[in-house]
Amino acid sequence: MSAAMSGLALRSLRHRPRAAVATFLAVLLGTLLIGSFATLAESSGSASGADADTLVILGAVVGGWGSVIVLFSVASTVGITTTQRATEIGLLRTIGATPRQARRLIARETGAIAVAAAVLGALLAAVGGRALFELIRSGGLVSERTEHDAGPVSVAGAALLVLLVSAVAAGVAARRATRGPAAVVARESAGEQGRMRWWRVAIALLLIGYGLAMAVLTITVTAHDTDPYAAMSTSGSSSILVGVGLAVLAPVLLRWGAGPVRLLAGTSATAHLASYNTLRRAHLLAGVLAPVVVLTSAAVGTLMLVDIDQRTLPGGTADSDTINLLNNVVVGMVSLFAAIMVVNAFVATIAHRREELHRLRLLGATPHQVRGSVVAEAGVVAVVGVVLGTLAALTTVVPFAVARHEGVVPDGGLWLAPAVVAGVVALTVGSARGAVRGAVR
Amino acid sequence: MSDTALEVQDLTRTYGSGDNTVAALAGIDLAFRRGTFTAVMGPSGSGKSTFLSCAAGLDRPTRGRVLVGGTDVTDWDEERRTRLRRERIGFVFQGFHLLPYLSAVENVGLPSRLAGKRVDRERVRQLLDRVGLADRAHHLPGSLSGGQQQRVAIARALLTAPDVLLADEPTGALDSATARQVLGVLRGSVADLGQTVVMVTHDPVAASYADEVVFLVDGRVAGRMAHPTADAVAGQMAHLDELVSA
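What counts as what
Residues numbered from 1 in each chain as written. Chains lettered and ligands numbered in written order. Predicted model: local features only at pLDDT ≥ 70, side-chain atom pairs only at ≥ 80, totals over all residues. Heavy atoms only, no water. Helix = DSSP H or I, 4+ residues; strand = E, 2+ residues; numbered from the N terminus. Buried < 20%, exposed > 50% of the residue type's maximum accessible area, 1.4 Å probe, protein only. Contact = heavy atoms within 4.5 Å. Areas by Shrake-Rupley, 256 points an atom, 1.4 Å probe, with all protein chains shown as cover. 1 Å grid on protein atoms, 1.4 Å probe; cavity = no way out; pocket = protein on both sides within 12 Å on 5 of 7 lines; lining within 4 Å. Points joined across faces, edges and corners; volume = space filled by probe spheres on them. Nonpolar A, V, L, I, M, F, W, Y, C, P; charged D, E, K, R; others polar. Domains from an automatic or database assignment. Pairing = 2+ DSSP bridges. Axes fitted to C-alpha atoms, helices over the stretch in contact; angles between N-to-C directions. pLDDT = per-residue confidence, 0-100. Buried area = accessible area lost by both parts, 1.4 Å probe. Salt bridge = Lys/Arg side-chain N within 4 Å of Asp/Glu carboxyl O. Polar contact = N/O pair within 3.5 Å; in protein donor to acceptor, adjacent residues only side chain to side chain.

1. Considerations on the overall build of chain A
Move 1: Counting secondary structure elements, chain A contains 16 helices and zero strands.
Move 2: Burial status across chain A gives 54% buried among its 441 residues.
Move 3: Nonlocal contacts in chain A, meaning residues at least 24 apart in sequence, comprise 88% of its contacts between residues at least 6 apart.
Move 4: When the accessible surface of chain A is summed, it comes to about 18,600 Å², and 68% of that surface belongs to carbon and sulfur atoms.

Okay, structure coming up:
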């Protein structure tokens, strides 16, 4: 029975290569990044003193953040592709597959992709780790005496970590897909509004609450610490935590946020369609909103954090190079994954809606109107996303600016926020445009 | 205004090329007068769907002409065909084809929106009332039954008072009681509004609501029947091969 499910899983994969690509990329890049930095941590074993500390911190921080991001992105891609297969899973169950078998099918599919991607990622990480080490040594973060000394242990460990995280993500998505009674007729309705589960709200509130608490702690306590980096260590992650928390609440926030944006959208047919779709099928577009929020909050928060740091501590300390490298790696990693997720989420939702968009054409909508409505939806998502993301970024920027005696508003680098926002909006609208171009001719 | 709502002349549609050529339509001539209800019947592969696609400008005929309201639309480009579908043709599909995120009243008003016109709320209300769904105006399709969804789709198709309403197996996904309601609504639009309806179906009961039945076999018109009854249509369907050889 189990072999049958595996066979089915492989065939089903061959049938939908597109859905596989996104998961594959997320796992591959995740393994590559975490693996590369893990080799640094392993190399610390043969290093001494300050060098060992630097290498361990680099490996641990990037590994920790990397795991969170990979979990988030794999969960979101697997979640999107699984939700779209409700009909197929319903069919399997009516012809006698147990929920357990259906879950196993999804798990096997994700597993096959993830293993292939993790193995390739680990091989690349072995090379990448060496290159990264050279870069760090030539940058003077560790002394010339320290050698790269990492075997297969660290990259394999990274690969296993990513696989474990992927398995958890697939398990959650599969459980959601097989909850409730079997029903073949996936009613394409607003009935699938996707009520928030209590644990989801709890996780979101926990993340947001933690981020806000750290922001308050920064202003009240760590701002007065003698170590200038104490404030950074408490406020640095707030923007990402609050951003991820808001992203978890994306379906609800999109429904709320779409209202005011609709007023600005006008009354054309495209605006009309786009506004109702974002309002009533927020659960579909939430998959896009989530990475947009995280991308904005992480990029604005961290870039402005680094900017304030460099302005207020021009000479820096012994650690500042390492810290800024870390900040930049984290922001780069978050941006890369979020960008992949935005593009992927659009491709997936448009593929899901192909039939519905064709229907509009039959009713007499021009291709221009159909594409326009999808791009307008992307616009609404982008606006709501950058507003929420910027709010989340404030939880890092404001406390840190206060801690470094610049006041509530930083003294410079204010252009960073609009620059990031412009980039994120361009990415969101651009990927919608790209995705719909192929679907509607 | 032409007396003929829809006319096809020598309508031919072939697929493939060379030895693999398959003729879905092998030159049919049909004219549908205004204010009539016609059922087009035939076995699978008889060309019913191709006929509808060509009539609606969704597919281009290989040969022959399509005239909507007396205007030859055969050689129109995609842009003009789109406008044609929007303004002069109403569509009702087997699968309802409502936009899932628009309420009944918004779905009915959609063709006007797409045409960039103001939605005539009073007319939308009247049409929903006509199909018996005035009290469901603000429901989303997901909370309507199949028959209710199809009646919303008919109201939508009637919005622009099109030259012709094309219905593709409109009762194919409905149970018989609900199907009768839907057919009654179509019949009523012909009787009360003077609407022209062309319905493709394989159900003799559905066909009996029409003024006339046209039988297609192998891409040709194989026969016609005026004032059809379900029994007569069923009998004819069972002996279509005789029509062809005759």
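2. Comments concerning the layout of surface pockets
Residues and elements named next belong to chain A.
Move 1: Of the voids in this model, the second largest pocket is the one considered here, and its volume is about 580 Å³.
Move 2: Taken together, 23 residues line the second largest pocket, and the ones lying closest to its centre are Ile57, Val61, Met232, Ile323 and Leu326.
Move 3: Counting residues per element, the ones that place at least two in the lining of the second largest pocket are helix 3 (49-83), helix 8 (230-235), helix 12 (282-312) and helix 13 (320-352).
Move 4: With six residues, helix 3 is the largest single contributor of residues to the lining of the second largest pocket.
Move 5: Residue composition of the lining of the second largest pocket, by class: 13 nonpolar, eight polar and two charged.
Move 6: In this structure, the lining of the second largest pocket is formed jointly by two domains, domain 1 (1-186) and domain 2 (191-441), each of which donates at least three residues.

3. With respect to the environment of Leu124 of chain A
Residue and element names in this part refer to chain A.
Move 1: Tracing the sequence through the fold places Leu124 in helix 5 (residues 99-138).
Move 2: You can call Leu124 partly exposed: its relative accessible area is 39%.
Move 3: Spatially, the C-alpha atom of Leu124 lies 9.2 Å from that of Val155, the residues being 31 residues apart in sequence.
Move 4: Aside from chain neighbours lying at most four places away, what touches Leu124 is Leu28 and Leu32.

4. Section: the sheet that holds strand 5 (residues 71-72) of chain B
All names here are of chain B.
Move 1: Across the sheet, four strands lie side by side as 2-1-4-5; this open sheet has antiparallel pairing. Strand pairing shows two members of the sheet lacking a second neighbour, strand 2 (22-33) and strand 5, which therefore form its edges.
Move 2: Packed on one face of the sheet, helix 1 (residues 48-55) meets strand 1 (4-15), strand 2 and strand 4 (63-68) and runs near 120° to strand 1.

5. Focus: the confidence of the model for chain B
Move 1: Averaged over every residue, the pLDDT of chain B is 90; residues scoring 70 or more account for 98%.
Move 2: Within chain B, strand 8 (residues 197-200) of chain B carries the highest mean pLDDT (96), whereas helix 9 (residues 240-245) of chain B carries the lowest (70).

6. Examining the interface of chain B and chain A
Move 1: Taken together, the contact between chain B and chain A spans 25 residues of the former and 24 residues of the latter.
Move 2: For the pair chain B and chain A, the two sides together bury roughly 2,300 Å², of which 61% comes from carbon and sulfur.
Move 3: Counting the surface chain B buries against chain A, the share from its top three residues, Tyr101, Arg113 and Leu114 of chain B, is 31%.
Move 4: Here Glu106 of chain B makes a salt bridge to Arg280 of chain A, at a shortest N to O gap of 2.7 Å.
Move 5: The interface formed by chain B and chain A holds 11 residue pairs in polar contact (both at pLDDT 80 or more) in total.
Move 6: Those elements that place two or more of their residues in the side of chain B that touches chain A are helix 2 (78-87), helix 3 (104-114) and helix 5 (146-158) of chain B.
Move 7: By residue number, the principal contributor to the side of chain B that touches chain A is helix 2 of chain B, which donates five residues.
Move 8: A class-by-class count of the residues in the side of chain B that touches chain A yields 13 nonpolar, five polar and seven charged.

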